[in-house]
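Residues per chain, in single letters:
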Amino acid sequence: TAPSILLTAERDGSVIDVSGSTVEFIIARGSTIKNTGHQGCTLVAPTSGRVQYTPQAGDFDAPGTYKADIKITYGDGSIETLFNQYKIIVRRKLQ
C-alpha cells in the first residue's frame, strides 16, 4: 500500500475550514471508483483544511493515472464536492 496522503481542502485558492465535518477522498481510475467503503479522512488541522487519507490495498492496484475528489459533509448536513482536485500517477516499481 501507499503512504498516507496529506491533503488541503481548497475552493478558488482559499482553504476551507472543515471543523465539525466529515471528509472523504474519492479515488477513481477511469469511471471506476477504487476505494469504495474506505474513503474517510482524518482531520489533521481542520481550520486550515488539512486532512489525511491512508490508502488501503486495492486503491492503486495498477500503474496508471488516478484522479481524486474531496467530498465534505458539513455539520449541518450540506455536502460539497471538490472535483478533480488531485491527479495521482502510479508507476511500476523501479528495479
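Everything here concerns the structure above.
None of the values given here were measured: they were computed from a predicted structure.

Student: What is the right way to read the sheet that holds strand β6 (residues 42–45) from this model?
Tutor: Strand pairing in a sheet relies on backbone hydrogen bonds. The paired strands run either parallel or antiparallel. Taken together, the 3 strands give an open sheet; going across it, the order is β1-β7-β6, and neighbouring strands pair in antiparallel fashion. Edge positions in the open sheet fall to β1 (5–8) and β6, since each of these has one partner strand only. If you compare each strand with its neighbour and ignore which way they point, the axes differ by 35° on average. Sheet topology note: the β1/strand β7 (residues 50–53) ladder contains 4 bridges and is antiparallel. Pairing of T8 across the sheet is with R50, part of β7.

Student: Would you take a moment to explain the sheet that holds strand β9 (residues 79–90) for this structure?
Tutor: Read from one edge to the other, the open sheet built from 4 strands follows the order β5-β4-β8-β9, with strand pairing classed as antiparallel. Because the sheet does not close on itself, it has two edges, and the strands there are β5 (32–33) and β9. The sheet contact formed by strand β4 (residues 22–29) and strand β8 (residues 64–73) spans 7 bridges and is antiparallel. By the bridge assignment, A28 is partnered in β8 with K67.

Student: Got a minute to help me understand the nonpolar core in this structure?
Tutor: Soluble, globular proteins show a tendency: their nonpolar side chains are buried together. Ranked by internal contacts, the top residues of the largest apolar core, which has 18 residues, are F25 and I72. Excluding residues that lie within four positions of it along the chain, I72 makes contacts with A9, I16, V18, S21, T22, V23, S78, I79, E80 and L82.

Student: Please clarify how the packing of aromatic side chains should be interpreted in this entry.
Tutor: Think of a pair of aromatic rings as described by two things: how far the centres are apart, and how the planes are tilted against each other in angle. Applying the stated rule across the entire model yields 3 aromatic pairs. Ring geometry for F25 versus Y53: centroids 5.3 Å apart, planes at 50°, classification tilted. Linking F25 in strand β4 with Y53 in strand β7, this pair joins segments that are 28 residues apart in sequence. Residue F25 is classed as buried on the basis of its relative accessible area of 0%. The exposure class of Y53 is buried, given its relative accessible area of 1%. Relative to Y86, the ring of F25 has its centre 5.7 Å away and its plane inclined at 70°; by these criteria the two rings are edge-to-face. Separated by 61 residues along the polypeptide, F25 in strand β4 and Y86 in strand β9 bring together distant segments of the chain.

Student: Help me understand the environment of P63, please; the structure alone is not making it clear to me.
Tutor: Residue placement: P63 occurs in the loop between β7 and β8. Judged by relative accessible area, P63 falls into the partly exposed class, the value being 33%. The sequence separation of P63 and L7 amounts to 56 residues, and the corresponding C-alpha distance is 22 Å. Other than its neighbours up to four places away in sequence, P63 contacts R29, V90, R91 and R92.

Conventions adopted
- Residues numbered from 1 in each chain as written.
- Predicted model: local features only at pLDDT ≥ 70, side-chain atom pairs only at ≥ 80, totals over all residues.
- Heavy atoms only, no water.
- Pairing = 2+ DSSP bridges.
- Helix = DSSP H or I, 4+ residues; strand = E, 2+ residues; numbered from the N terminus.
- Axes fitted to C-alpha atoms, helices over the stretch in contact; angles between N-to-C directions.
- Core = buried A, V, L, I, M, F, W, Y, C linked by side-chain atoms within 4.5 Å.
- Buried < 20%, exposed > 50% of the residue type's maximum accessible area, 1.4 Å probe, protein only.
- Contact = heavy atoms within 4.5 Å.
- Phe/Tyr/Trp six-rings, centres within 6.5 Å; stacked < 30°, edge-to-face > 60°.

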